[in-house]
Amino acid sequence: MTSLCSVFRDESKLDINYIPAELPHREREQRLLEEFFSFILQCPGRMTQRVILVGDVGTGKTALAQSFGADLTSQTKRKNLKFHYIHINCREFRGSLQPILHKIVTAFRSNYPARGYAADEILSTLMQVLDEEETTLIVTLDEFDSLIEKEGSDAVYKLTRIHETRQGKPQRLSFIFIMRDLKATEQLDDSTKSTLQRNIIRLERYGKPQLIDILNARVALAFRLGAVEEDVVDLVAELAYLETGNARFGIELLWRAGKYADASEFSHVRAECIRSAVSAILPTLRRSDLASLGFHEKLFLLAIARYFKENQEAYVQIGEAEKAYKVICEEYDESPKSHTQIWTYVQYLSKLGILKAEVVAAETRGRTNRLSLPSIPAFELEQEMQFSLQKEKGEP
Ligand SMILES: Nc1ncnc2c1ncn2[C@@H]1O[C@H](COP(=O)(O)OP(=O)(O)OP(=O)(O)O)[C@@H](O)[C@H]1O
Ligand SMILES: [Mg+2]
């Protein structure tokens, strides 16, 4: 709840999952998507499409795809056409095709078993289900590079050529692939690459004036009238522009600055709140990265955060980190995962840049790993993890 004297009117409008009804400065890209998929309204079942959305961090790829999906869903409803839109972030599934396909099938058959079927089998079940439902489907595979990295050409080939094995049947499954750059597609074989690269929509970085428009629209939804003045929006736009034209960075800054303003009981978001917010948001680490972690990865990070908060040390030995993790598991009433599993977490968290793992000589003999937190204060990480774990457990 937002308190009476808060600068916010509705802070959920600054949440990373909020999709605004309008996306200023993405009208052209939106129209292109509509063009590519116009057959869904005009002649569903007669063709399919694959489109790549590519653009830097925070350029609105996810927001564009989701708002397009929502629009098309309501248009097809009005025309009594059967259509579904499903948005999947491949990174949440570590790029594995099998659980991704399982997730798609469960949108139609909620009790489809999670184990026991290979990707190929699930894909043909999916096609069968779409036939039974007589529906067309657009699946957006967001952060698609993680799927290419994990599964390689073969999986992409299967997905993009599925209709070739269904001669004479209605064409039901289309894709939008989202990537920050096209590097990952270079490792695909030529035919898959050419299938994919026919329809590419590029989202260029936002300039400062565009960021001002985007932020102003969000300020009007999220803040009390007059709580964020023009020069403050200007400053945020400037900072977001310097951060590679990243709209997410600007929106996060606004939210945090609002929090600082409330904590100091200011009636306005002042420039100094923005500056405090900047120093708290580190470019290498985003709330969205933290939010996409699994429950036990969060428990493990919470353990590390507590350890560093309580011990004025720069490093923790992996054994000590595991002990701290077991204590947290007890607190959350969870059974701790195995050492091998923890090690996978460490590797993944290092890849994201949240942890740093190094091999050092052990005190007694052999070698061990030590961990550090390179870019986020332990206190902040603790808060973020506690907050997000409580949310997942459904506690207030
Ligand atoms: N044109 C726009 N109008 C309004 N809000 C926007 C616009 N572009 C981006 N945003 C907002 O900025 C934030 C970042 O956008 P989004 O998540 O779509 O970026 P992305 O390109 O998917 O980034 P990433 O590569 O990091 O996933 C979201 O909160 C989104 O709603
Ligand atoms: Mg995205």
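The rules behind the values
- Residues numbered from 1 in each chain as written.
- Chains lettered and ligands numbered in written order.
- Predicted model: local features only at pLDDT ≥ 70, side-chain atom pairs only at ≥ 80, totals over all residues.
- Helix = DSSP H or I, 4+ residues; strand = E, 2+ residues; numbered from the N terminus.
- Rg over C-alpha atoms; globule rule 2.2 N^0.38 Å.
- Buried ≥ 20, exposed ≤ 12 C-beta atoms within 10 Å, placed from the backbone.
- Contact = placed C-beta atoms within 7 Å.
- Axes fitted to C-alpha atoms, helices over the stretch in contact; angles between N-to-C directions.
- Parallel < 35°, antiparallel > 145°, perpendicular 65-115°, else oblique.
- Left-handed = near helix turned anticlockwise from the far one by under 90°.
- Near = placed C-beta within 6 Å.
- Nonpolar A, V, L, I, M, F, W, Y, C, P; charged D, E, K, R; others polar.
- Domains from an automatic or database assignment.
- Pairing = 2+ DSSP bridges.
- Core = buried A, V, L, I, M, F, W, Y, C linked by C-beta atoms within 7 Å.
- Expected span 1.5 Å × (residues − 1).
- Bend = angle between axes of the 7 residues up to and from the residue.
- Right-handed = clockwise from strand over helix to strand, strands pointing away.
- Arc of directions from axis to C-beta.

Focus: the overall build of the protein chain
Here is step 1 of the chain: A count of helical and extended segments in the protein chain gives 16 helices and 8 strands.
Here is step 2 of the chain: Over its C-alpha trace the protein chain gives a radius of gyration of 23 Å, about what one expects of a compact globule, namely 21 Å for 396 residues.
Here is step 3 of the chain: With the C-alpha coordinates of the protein chain rotated into their principal frame, the extents come out at 70 × 60 × 40 Å.
Here is step 4 of the chain: A buried classification covers 34% of the 396 residues belonging to the protein chain.
Here is step 5 of the chain: Put simply, of all contacts in the protein chain between residues at least 6 apart along the chain, 72% involve residues at least 24 apart.

Focus on the packing of helix 13 (residues 295–310) against helix 14 (residues 318–331)
Here is step 1 of the chain: Closest axis-to-axis distance for the helix 13/helix 14 pair is 8 Å, and the angle between their directions is 115°. Between helix 13 and helix 14, the interaxial angle falls into the category roughly perpendicular. The handedness of the crossing between helix 13 and helix 14 is right-handed. Contacts from L299, F300, L302, A303, I304, R306 and Y307 of helix 13 reach helix 14 at E320, A321, A324, Y325, V327, I328 and C329.

Focus on the site of ligand 1
Here is step 1 of the chain: Close to ligand 1 lie 19 residues, the nearest being G60, K61, T62, A63 and A247.
Here is step 2 of the chain: Mapped onto the shell around ligand 1, the elements with two or more residues apiece are helix 3 (61–78) and helix 10 (247–263).
Here is step 3 of the chain: Residue classes in the shell around ligand 1 are distributed as 9 nonpolar, 6 polar and 4 charged.
Here is step 4 of the chain: Viewed by domain, the shell around ligand 1 spans two of them, domain 1 (27–203) and domain 2 (206–280), each represented by three or more residues.

Notes on the sheet that holds strand 8 (residues 367–372)
Here is step 1 of the chain: Strand order across the open sheet formed by 3 strands is 6-8-7, with antiparallel pairing between neighbours. Both edges of this open sheet fall to strand 6 (316–317) and strand 7 (356–361), since each of them pairs with a single strand only.
Here is step 2 of the chain: Looking at chain direction, strand 6 and strand 8 are connected through 2 bridges and run antiparallel. For Q317, the partnering residue across the bridge sits in strand 8 and is R370.

As for the domain arrangement of the protein chain
Here is step 1 of the chain: For the protein chain, the assigned domains are domain 1 (27–203), domain 2 (206–280) and domain 3 (287–393).
Here is step 2 of the chain: With centres defined by C-alpha atoms, the gap from domain 1 to domain 3 works out at 35 Å.

Looking at the nonpolar core
Here is step 1 of the chain: In terms of nonpolar packing, the biggest core is built from 42 residues, with L53, V139, L141, F144, I176, F177 and I178 touching the most fellow members.
Here is step 2 of the chain: By residue number, the principal contributor to this core is strand 4 (residues 173–179), which donates 6 residues.
Here is step 3 of the chain: The residues touching I178, leaving out its near neighbours within four places in the chain, are L53, K61, T62, A65, T140, L141, D142, E143 and F144.
Here is step 4 of the chain: Residues L14, V236, Y241 and F249 belong to the second largest nonpolar core, which totals 31 residues.

Concerning the sheet that holds strand 4
Here is step 1 of the chain: If you trace the 5 strands from one edge of the open sheet to the other, you get 2-3-4-1-5, paired in parallel fashion. A single partner strand is all that each edge strand has here, and the edge strands are strand 2 (83–89) and strand 5 (200–203). Strand-to-strand twist in this sheet, taken as the mean axis angle between neighbours without regard to direction, amounts to 15°.
Here is step 2 of the chain: For strand 3 (residues 136–142) and strand 4, the ladder comprises 5 bridges, and the chain directions are parallel. Across the sheet, residue I138 finds its bridge partner in strand 4, namely S174.

Digging into the environment of L126
Here is step 1 of the chain: One can find L126 in helix 5 (residues 119–133).
Here is step 2 of the chain: On the neighbour-count criterion, L126 (23 C-beta atoms within 10 Å) is buried.
Here is step 3 of the chain: L126 sits 240 residues away from G366 along the chain, and the two C-alpha atoms are 51 Å apart.
Here is step 4 of the chain: In contact with L126, not counting residues within four places along its chain, are L101, I104 and V105.

A few points about unusual backbone geometry
Here is step 1 of the chain: A positive phi angle, near 55°, is found at N80, a position not held by glycine.
Here is step 2 of the chain: Considering the arrangement of structural elements, one finds N80 in the loop between helix 3 and strand 2.
Here is step 3 of the chain: Phi is positive for E134, close to 50°, though the residue is something other than glycine.

A closer look at helix 6 (residues 145–161)
Here is step 1 of the chain: If you check helix 6, its first and last C-alpha atoms are just 18 Å apart, much less than what 17 residues at 1.5 Å a residue would give, namely 24 Å.
Here is step 2 of the chain: Within helix 6, the axis deviates most sharply at G152, by approximately 115°.
Here is step 3 of the chain: Among all positions in helix 6, only D145, S146, L147, I148, E151, A155, V156 and L159 are buried.
Here is step 4 of the chain: Where helix 6 is buried, its residues touch helix 4 (97–106), helix 5, strand 3, strand 4 and helix 7 (190–196).

As for the pairing of strand 4
Here is step 1 of the chain: Across the 7 residues that make up strand 4, a large majority, 7, are buried.
Here is step 2 of the chain: Of the two faces of strand 4, the one holding L173, F175, F177 and M179 and the one holding S174, I176 and I178 are both buried throughout.
Here is step 3 of the chain: Strand direction decides the pairing type here: strand 1 (residues 50–55) and strand 4, joined by 5 bridges, are parallel. Looking at the pairing, V51 lines up with I176 of strand 4.
Here is step 4 of the chain: What joins strand 3 to strand 4 is helix 6, and the crossover it makes is right-handed.

Let's talk about helix 3
Here is step 1 of the chain: Helix length check: helix 3, at 18 residues, gives a terminal C-alpha distance of 26 Å against a target of 26 Å (1.5 Å per residue), a fit within 8%.
Here is step 2 of the chain: Burial in helix 3 covers these residues: K61, T62, L64, A65, F68, G69 and L72. Along the axis of helix 3, the buried residues cluster in a sector spanning 160°; they form a single face. Residues of helix 3 that are exposed and point more than 90 degrees away from the buried face comprise S74, K77 and R78.
Here is step 3 of the chain: Just past helix 3, the residue N80 takes up positive phi, approximately 55°.

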